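Breakdown of the fold
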Amino acid sequence: MKMIIAVVQDKDSNRLTDALAENDFKTTKLSTTGGFLREGNTTFMIGCEDGEVDDALDIIRNNCSQREQMVAPISPMGGNADSYIPKPVKVEVGGATVFILPIDSFFQF
Ligand code: 2BA
């Protein structure tokens, strides 16, 4: 058995939930925050059999889009904030950041 942990953008969350449910995957969603953008994203926990991992990855791939986002960098530490004009930079976010973990045991009581 494997645990798939997928960090996706909030915008893709409902679509991905529906697609996974349609294909009989069981999911748990967590509201999370990215360490770089400090914005909300959604983390899916998907427990599945080894042979189902590829199907789950296809569904994630097909339902999560890459988007460009503008980020205003925070002001430099110790610098004079008055003269600092933040220049937004473009970063590419998503589609999904996926980790696959082996599961030792699975219980439901
Ligand atoms: P964030 O940490 O908010 O990162 C959002 C996007 O900002 C990233 O998109 C990446 O394009 C960019 N970015 C992140 N760190 C950067 C840096 N030091 N310099 C320049 N650009 C940077 P993604 O790579 O698609 O990541 C989307 C979200 O997935 C991340 O949100 C984070 O919540 C999660 N994530 C990504 N890699 C991870 C990892 N190795 N471990 C845990 N979570 C991860």
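The sections below set out a description of the structure shown in this document. (Residues numbered from 1 in each chain as written. Predicted model: local features only at pLDDT ≥ 70, side-chain atom pairs only at ≥ 80, totals over all residues. Heavy atoms only, no water.)

With that out of the way, let us pick up the overall build of the protein. When helices and strands are counted, the protein shows 2 helices and 6 strands. Split into buried and exposed, the 109 residues of the protein put 28% on the buried side. Put simply, of all contacts in the protein between residues at least 6 apart along the chain, 68% involve residues at least 24 apart. Roughly 7,800 Å² of accessible area belongs to the protein as shown, and the carbon and sulfur atoms make up 52% of that amount. (Helix = DSSP H or I, 4+ residues; strand = E, 2+ residues; numbered from the N terminus. Buried < 20%, exposed > 50% of the residue type's maximum accessible area, 1.4 Å probe, protein only. Contact = heavy atoms within 4.5 Å. Areas by Shrake-Rupley, 256 points an atom, 1.4 Å probe, with all protein chains shown as cover.)

Turning next to the site of the ligand. Taken together, the neighbourhood of the ligand is formed by Val-7, Gly-34, Gly-35, Phe-36, Leu-37, Asn-41, Glu-92, Val-93, Gly-94, Thr-97 and Phe-99. One nitrogen or oxygen atom from the main chain of Gly-35 is found 3.2 Å from an oxygen atom belonging to the ligand. Within the backbone of Phe-36, an N or O atom sits 2.9 Å from an oxygen atom of the ligand. Relative to its unbound accessible surface of 750 Å², the ligand loses 52% to contact with the protein. For the shell around the ligand, a count of residues per class yields 5 nonpolar, 5 polar and 1 charged. (Near = heavy atom within 4 Å. Polar contact = N/O pair within 3.5 Å; in protein donor to acceptor, adjacent residues only side chain to side chain. Nonpolar A, V, L, I, M, F, W, Y, C, P; charged D, E, K, R; others polar.)

We now examine helix α2 (residues 53–63). Three or more residues of α2 are buried, namely Val-53, Ala-56, Leu-57, Ile-59, Ile-60 and Asn-63. Angularly, the buried residues of α2 cover 160° about the axis, an arc narrow enough to put them on a single face. Of the residues in α2, the exposed ones pointing more than 90 degrees away from the buried face are Asp-54, Arg-61 and Asn-62. Those residues of α2 that are buried are in contact with β1 (2–9), α1 (10–22), β3 (40–48) and β6 (96–102). (Arc of directions from axis to C-beta.)

As a further point, take the environment of Gly-34. Checked against the element boundaries, Gly-34 lands in the loop between β2 (26–33) and β3. We classify Gly-34 as buried; its relative accessible area is 18%. Each C-alpha atom, one on Gly-34 and one on Val-8, is 10.0 Å from the other, the two residues being 26 residues apart in sequence. Apart from residues lying up to four places away in sequence, Gly-34 is in contact with Glu-39 and Asn-41.

One key point about sheets: their strands pair by backbone hydrogen bonds, in either a parallel or an antiparallel sense. Pairing is antiparallel across the open sheet formed by 4 strands, whose spatial order is β2-β3-β1-β6. The outermost strands of the open sheet, each flanked by one partner alone, are β2 and β6. Each strand of the sheet is rotated relative to its neighbour by a mean of 20°, with strand direction disregarded. One ladder, built from 8 bridges, connects β1 with β3; its direction is antiparallel. Considered in β3, the bridge of Val-8 is made with Thr-42. Against the sheet, α1 makes contact with β1, β2 and β3, and its axis sits at roughly 20° relative to β3, the strand it touches most. (Pairing = 2+ DSSP bridges. Axes fitted to C-alpha atoms, helices over the stretch in contact; angles between N-to-C directions.)

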